[in-house]
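The chain contents come next:
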Amino acid sequence: MPEDIQSRYRAIINRIETACLDAGRDPSEITLVAVSKTKPDSLVLELIETGQIHFGENRAKALEDRMESIKNETVQWHFIGTLQSNKIKYMAHRVNWIQSVHKIKALEEIEKRASAENREINVLIQVNISDEDQKSGCDPEELEAILKAAQNLNHTKVKGLMGMGTLTDDPELVRPEFRKLREYRDEYRHLEGGSVSLDHLSMGMTNDLEVAIQEGATMVRVGTAIFGERNY
Ligand SMILES: *Cc1c(COP(=O)(O)O)cnc(C)c1O
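Bear in mind that the values here come from a model prediction, so they are computed numbers and not experimental data. (Residues numbered from 1 in each chain as written. Predicted model: local features only at pLDDT ≥ 70, side-chain atom pairs only at ≥ 80, totals over all residues. Heavy atoms only, no water.)

S.K.: Would you explain the site of the ligand in this entry?
M.R.: Taken together, V35, K37, N58, I80, M164, M205, T206, R221, V222, G223, T224 and R230 make up all the residues around the ligand. One of the side-chain nitrogen or oxygen atoms of T206 is found 2.5 Å away from an oxygen atom of the ligand. Look at the ligand: alone it shows 390 Å² of surface, and the protein chains cover 90% of it. Tallied by class, the residues present in the shell around the ligand amount to 5 nonpolar, 4 polar and 3 charged. (Near = heavy atom within 4 Å. Polar contact = N/O pair within 3.5 Å; in protein donor to acceptor, adjacent residues only side chain to side chain. Areas by Shrake-Rupley, 256 points an atom, 1.4 Å probe, with all protein chains shown as cover. Nonpolar A, V, L, I, M, F, W, Y, C, P; charged D, E, K, R; others polar.)

S.K.: Just checking my understanding: could you explain helix α5 (residues 143–150) for this structure?
M.R.: In an α-helix, one turn spans 3.6 residues; hence positions three or four apart end up facing the same way. Listed in full, the buried residues belonging to α5 are L143, I146, L147 and A150. Along the axis of α5, the buried positions cluster into a sector of 95°, meaning they face one direction only. Of the surrounding secondary structure, the elements contacted by the buried residues of α5 are α4 (104–116), β5 (121–126), β6 (156–162), α6 (175–187) and β7 (196–202). (Buried < 20%, exposed > 50% of the residue type's maximum accessible area, 1.4 Å probe, protein only. Helix = DSSP H or I, 4+ residues; strand = E, 2+ residues; numbered from the N terminus. Arc of directions from axis to C-beta. Contact = heavy atoms within 4.5 Å.)

S.K.: Would you explain the pattern of salt bridges in this entry?
M.R.: Applying the stated criterion to the full structure yields 15 salt bridges. Ionic pairing is found between R25 and E29, a salt bridge with its closest N-O pair at 2.9 Å. Note on R25: relative accessible area 16%, which makes it buried. Look at E29 and you get partly exposed, because its relative accessible area is 38%. A salt bridge links D41 to R66; the nearest nitrogen and oxygen atoms lie 2.6 Å apart. Residue D41 is located in helix α2 (residues 41–50), and its partner R66 is located in helix α3 (residues 60–69); the two are separated by 25 residues in the primary sequence. One continuous salt-bridge network, built from bridges that share partners, spans E172, R175, R179, R182 and E215. (Salt bridge = Lys/Arg side-chain N within 4 Å of Asp/Glu carboxyl O.)

S.K.: What is the right way to read the environment of K105 from this model?
M.R.: With respect to the helices and strands, K105 occurs in helix α4. Distance from K105 to M91, taken between C-alpha atoms, is 16 Å for residues 14 residues apart in sequence.

S.K.: What am I meant to see in the pairing of strand β3 (residues 76–79) here?
M.R.: If a strand is regular, its side chains alternate between the two faces of the sheet. Sheet analysis places strand β2 (residues 54–57) next to β3, joined by 4 bridges and oriented parallel. Counterpart to F55 in the pairing with β3 is W77. Handedness of the crossover is the feature at issue here: the chain leaves β2, passes through α3, returns alongside β3, and the resulting connection is right-handed. Pairing analysis gives 2 bridges linking β3 to strand β4 (residues 97–101), with the strands arranged parallel. Bridging across to β4, F79 finds its partner in I98. (Pairing = 2+ DSSP bridges. Right-handed = clockwise from strand over helix to strand, strands pointing away.)

S.K.: In this structure, what is going on with the pairing of β7? I would like to understand it.
M.R.: Burial runs high along β7: 5 of the 7 residues are buried. Of the strand pairs in this sheet, β6 and β7 are connected by 4 bridges, and their pairing is parallel. Among the inter-strand pairings, L161 is bridged to a residue of β7, identified as L201. Handedness of the crossover is the feature at issue here: the chain leaves β6, passes through α6, returns alongside β7, and the resulting connection is right-handed.

S.K.: Could you clarify how one ought to interpret the nonpolar core in this entry?
M.R.: One recurring pattern in soluble globular proteins: nonpolar side chains tend to sit buried together. Formed by 65 residues in total, the largest nonpolar core has its most connected members in I98, I125 and I226. No other element matches the 6 residues that helix α1 (residues 5–23) contributes to this core. Beyond its immediate stretch of four places on either side in the chain, I125 contacts Q99, V101, C138, L143, I146, L147, V158, G160, L161 and M162. Grouped together as the second largest cluster of nonpolar side chains are 5 residues, V33, W97, L124 and M162 included. (Core = buried A, V, L, I, M, F, W, Y, C linked by side-chain atoms within 4.5 Å.)

S.K.: I would appreciate a short explanation of the packing of aromatic side chains in the present structure.
M.R.: Any two aromatic rings considered together are summarised by their centre-to-centre distance and by the angle between their planes. Across all of its chains, the model carries 1 aromatic pair by this definition. Here F55 and W77 contribute two aromatic rings whose centre-to-centre distance is 6.0 Å and whose plane-to-plane angle is 45°, an arrangement assigned as tilted. Taken as a pair, F55 in strand β2 and W77 in strand β3 lie far apart in primary sequence, 22 residues in all. Side by side, F55 and W77 carry an identical accessibility label, which is buried. (Phe/Tyr/Trp six-rings, centres within 6.5 Å; stacked < 30°, edge-to-face > 60°.)

S.K.: Explanation requested: α6 in the structure shown.
M.R.: Under the 1.5 Å per step criterion, the end-to-end length of α6 is 18 Å for 13 residues, consistent within 8% with the ideal 18 Å. Turning to α6, its buried residues number three or more, namely R175, E177, F178, L181, Y184 and R185. Residues of α6 that are buried in the fold lie against α5, β6, β7 and α7 (209–214). (Expected span 1.5 Å × (residues − 1).)

Keep in mind these numbers describe shape, not what the thing actually does.
Following this line, the structure appears as structure tokens:
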């Protein structure tokens, strides 16, 4: 892996473009979310200068600190980690996307806080698509009720679904999981309306973004390939 972040960043842009070409898709359909968790602000700032806009953190406190220390109006901040409803109040004043909503209760809390801040927050509903016991995301059977509850919100805009594939070194093993997420999206398209649209599919990370793009991802969340290995 090249040492400096600029060349790693160019390499990941290349991977996305190549994957799109292979899949017959337009690279402009893909939003790259740079996952900066545990990495210093200096690297985030360097990427912002390069033109990167979307950044993701998986811990509420880390996101809060990042949004506080990097005051940049053009950056779009994403929360991508396990969402606890009592942490929403710490991010509602600035977060742009919460990718990991899996309960109606969290939707209601986001609505309350976004309304108080008089702003809109984009949301993805996280669906459990992996076979692992440590489940993250809602059960697919819960999707319908969650999407219906979201239709009448005003400050909370559902934009699609998010999924995490099973952790494995073989991206082909997660292909059926990503495909399932797209199929759930297609299945629930009829619930679009009001504050619900389902155009986005957030799936794919460093090891499996090509497969995710082939299966219809519109957002990929990439940490390691941009920022280097993490210490945990
Ligand atoms: C850490 C993380 C990523 C990025 O993973 P890499 O393998 O480092 O690219 C993506 N999504 C979520 C939810 C994460 O926590």
